[in-house]
There are 2 protein chains.
Amino acid sequence: MGSEERGEMPARRVQRTEGRERLNRARVLETAIRLADEDGIEKLSMRRLGDELGVEAMSLYNHVSNKEDLLNGMIDALYGEIDLPVHDESWKTALRKRSVSVRAVLLRHPWANGLMDSATHAGPSTMRHHDRVLGTFRNGGFSLAMTAHAFSALDSYVYGFAKQEKALPFDSGEEAAAMAHVMLGQLPAGEYPYLHELMAKHVLRPGYSYAEEFAFGLELVLDALERAKDSTAEGKA
Amino acid sequence: MGSEERGEMPARRVQRTEGRERLNRARVLETAIRLADEDGIEKLSMRRLGDELGVEAMSLYNHVSNKEDLLNGMIDALYGEIDLPVHDESWKTALRKRSVSVRAVLLRHPWANGLMDSATHAGPSTMRHHDRVLGTFRNGGFSLAMTAHAFSALDSYVYGFAKQEKALPFDSGEEAAAMAHVMLGQLPAGEYPYLHELMAKHVLRPGYSYAEEFAFGLELVLDALERAKDSTAEGKA
DNA sequence: ACCTGAACACCGTTCAAGT
DNA sequence: ACCTGAACACCGTTCAAGT
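Residues numbered from 1 in each chain as written. Chains lettered and ligands numbered in written order. Predicted model: local features only at pLDDT ≥ 70, side-chain atom pairs only at ≥ 80, totals over all residues. Heavy atoms only, no water.

Caption draft 1: Representation of the overall build of chain A. When helices and strands are counted, chain A shows ten helices and zero strands. Looking at chain A residue by residue over its 237 residues, the buried ones come to 45%. Here chain A has roughly 12800 Å² of accessible surface; of this, 51% comes from carbon and sulfur atoms. (Helix = DSSP H or I, 4+ residues; strand = E, 2+ residues; numbered from the N terminus. Buried < 20%, exposed > 50% of the residue type's maximum accessible area, 1.4 Å probe, protein only. Areas by Shrake-Rupley, 256 points an atom, 1.4 Å probe, with all protein chains shown as cover.)

Caption draft 2: Region of interest: the domain arrangement of chain A. Residues and elements named next belong to chain A. Considered domain by domain, chain A is made up of domain 1 (11–64) and domain 2 (86–236). Here the C-alpha centre of domain 2 lies 34 Å away from the C-alpha centre of domain 1. Taken together, the contacts link four residues of domain 1 with four residues of domain 2. Summed over both sides, the interface between domain 1 and domain 2 buries roughly 360 Å², with carbon and sulfur atoms accounting for 73% of that surface. Of all residues in domain 1, the largest losses of buried area upon contact with domain 2 belong to Ile-33, Asp-37 and Ile-41, amounting jointly to 88% of the total for that side. At the boundary of domain 1 with domain 2, the tally comes to zero salt bridges. On the surface where domain 1 and domain 2 come into contact, there are two residue pairs in polar contact (both at pLDDT 80 or more). Across the side of domain 1 that touches domain 2, the residue classes break down as three nonpolar, no polar and one charged. (Domains from an automatic or database assignment. Contact = heavy atoms within 4.5 Å. Buried area = accessible area lost by both parts, 1.4 Å probe. Salt bridge = Lys/Arg side-chain N within 4 Å of Asp/Glu carboxyl O. Polar contact = N/O pair within 3.5 Å; in protein donor to acceptor, adjacent residues only side chain to side chain. Nonpolar A, V, L, I, M, F, W, Y, C, P; charged D, E, K, R; others polar.)

Caption draft 3: Inspection of the packing of helix H9 (residues 193–203) of chain A against helix H7 (residues 144–167) of chain B at higher detail. Here H9(A) crosses H7(B) at 110°, and the two axes come no closer than 10 Å. Overall, the two elements H9(A) and H7(B) adopt an arrangement that is roughly perpendicular. You can see that H9(A) and H7(B) cross each other, and the crossing is left-handed. From H9(A), Glu197(A), Leu198(A), Lys201(A) and His202(A) reach across to H7(B), where they touch Leu144(B), Ala145(B) and Ala148(B). (Axes fitted to C-alpha atoms, helices over the stretch in contact; angles between N-to-C directions. Parallel < 35°, antiparallel > 145°, perpendicular 65-115°, else oblique. Left-handed = near helix turned anticlockwise from the far one by under 90°.)

Caption draft 4: Quick look at the confidence of the model for chain A. Residue and element names in this part refer to chain A. Per-residue confidence for chain A averages 87 on the pLDDT scale, and 89% of its residues sit at or above 70. When pLDDT is averaged over each element of chain A, helix H4 (residues 91–108) comes out on top at 98 and helix H8 (residues 174–186) at the bottom at 80. Taken as a whole, residues 1–19 scores under 50 in pLDDT and shows one contact with residues more than four places along the chain or in a different chain. (pLDDT = per-residue confidence, 0-100.)

Caption draft 5: Local environment of the pattern of salt bridges. Overall, the coordinates contain 24 salt bridges over all chains when judged by the stated rule. A salt bridge links Arg98(B) to Asp155(B), with the shortest nitrogen-to-oxygen separation between them at 2.6 Å. Pair noted here: Arg98(B) is in helix H4 (residues 91–108) and Asp155(B) is in helix H7, with a separation of 57 residues, a long-range link. As far as the burial class goes, Arg98(B) and Asp155(B) line up, both buried. Salt bridges sharing partners connect three or more residues here, namely Arg34(A), Glu38(A) and Glu52(A).

Caption draft 6: Just the relation of the copies chain B and chain A, in detail. The transformation that overlays chain B on chain A combines an axial shift of 0.0 Å with a rotation of 180°, and the residual RMSD is 0.0 Å. On this basis, the relationship between the two copies can be described by a two-fold rotation axis. No C-alpha of chain B approaches the rotation axis more nearly than that of Gly160(B), which lies at 1.8 Å. Here 100% of the contact residues of chain B are again contact residues in chain A; the copies associate through an equivalent surface. (Least-squares fit on C-alpha atoms with pLDDT ≥ 70 in both.)

Caption draft 7: Inspection of the environment of Ala200(A) at higher detail. Following the sequence through the fold, Ala200(A) ends up in helix H9. For the pair Ala200(A) and Pro169(A), spaced 31 residues apart in sequence, the C-alpha to C-alpha distance is 15 Å.

Caption draft 8: Representation of the protein's contact with DNA strand D. In the neighbourhood of DNA strand D, 18 residues make up the surrounding shell, with Glu56(A), Ser59(A), Arg47(B), Tyr61(B) and Lys67(B) lying closest. If you look at DNA strand D and keep only atoms within 4 Å of the protein, 58% of those are sugar or phosphate atoms. Backbone polar atom of Glu56(A) to a phosphate oxygen of DNA strand D: 2.8 Å apart, as the coordinates give it. Note that a phosphate oxygen of DNA strand D is positioned 2.8 Å from one of the side-chain N or O atoms of Tyr61(B). Considering only residue class, the surface near DNA strand D consists of seven nonpolar, five polar and six charged. (Near = heavy atom within 4 Å.)

In structure tokens form, the structure reads like this:
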């Protein structure tokens, strides 16, 4: 079957898929990211991705070695979206901006954070990102050991916050407030007195937004790193 | 329906499934946790879990409403494994121990962290855990607003660290060192100078262990929270 | 009340075959 | 070089049926 298709080929080749670019890895990755953003990562299958690209699922294997490779590629592409720290600012300003950018990327692509710990093979954008962060600490006067400490502490906080933020059933906005209200009603005050207090007197305040906690913790960590750096610098000087 | 069950009951009931306990939710959850620990969460299917329990997959639906409920139940069971902060110690000591316990649980069950942000419906163990952590801050002299800050910052760090730790291709031990050596060889020093430096002069040191970074960052955050608490307390007093 | 068998609508991936 | 169709070995979940 399929041999009926042969016959005379026109001298000038017809665009095989008219009006549609040929498939390539970048197009596969960006479409996969869009699908994950729109419908959630659990709905992203090779078959759905193929459909979206006007191609059979099996064609994807020409551009991606398997689904794990697809997911790793998506993560690396997201690292490309993060603003790199710039070198003509203080380490603190540069890394504050970078951290805000990381969080913005994770808000845009909520499925990504949960995938990052299984993405063992770091791609080039990921490596470049980490290299620039390390460089920012080193050029800011951090010793090598203190750079390792600082890198770990800062990124633990930043990625951890994004994770907490996602897990929270409330955030801000009206529907969230309504939901928090319902939750409060179901919460046995006797059994969980402190949760009850937090919900009743803090979370249900008019202007409440969990998102604002990010800045507090970020400043807390950056200030603490600055102090840690200075104290060891004094010790050595 | 169900009225067919009436009739004469034998005086002594026969064990229905000989030598095997009857299925119940707790047994389903603990078996699922064990399977996830042993073979990884991606291998945990309703069918495999049924097999392990000597039952068809469909029987599980009598004890769990669907797979999401199963996963939520597993997460809540893990919260039961975490040592609660004890009230007769200082907030700092109590929360240090609790944080170490959280990390230990996440090391024992590496699949759990990635699931927590999708586990929207917190179970009773989860609620109790959070309530006790909040209570520890409150009784330690933190204002309600500062408790919210502290809770967010501390747990962002703790869960974030566990996440980073899992993502890292090296940790400690001999095979890890060998792997780091290979990675270093493949790392273009010109393109990633700071990554190269960190690997060559820090990670490949004989006694290196990323795990030790946990304590540094934990102390950093706890100390910073103590300072933040005291400075607002002064402001108010 | 709890368990099962068959079925449905999906998965990721392989392989040989097509152009 | 890239794409496809058929097939394999799986999924989660439903439903009617059994005890």
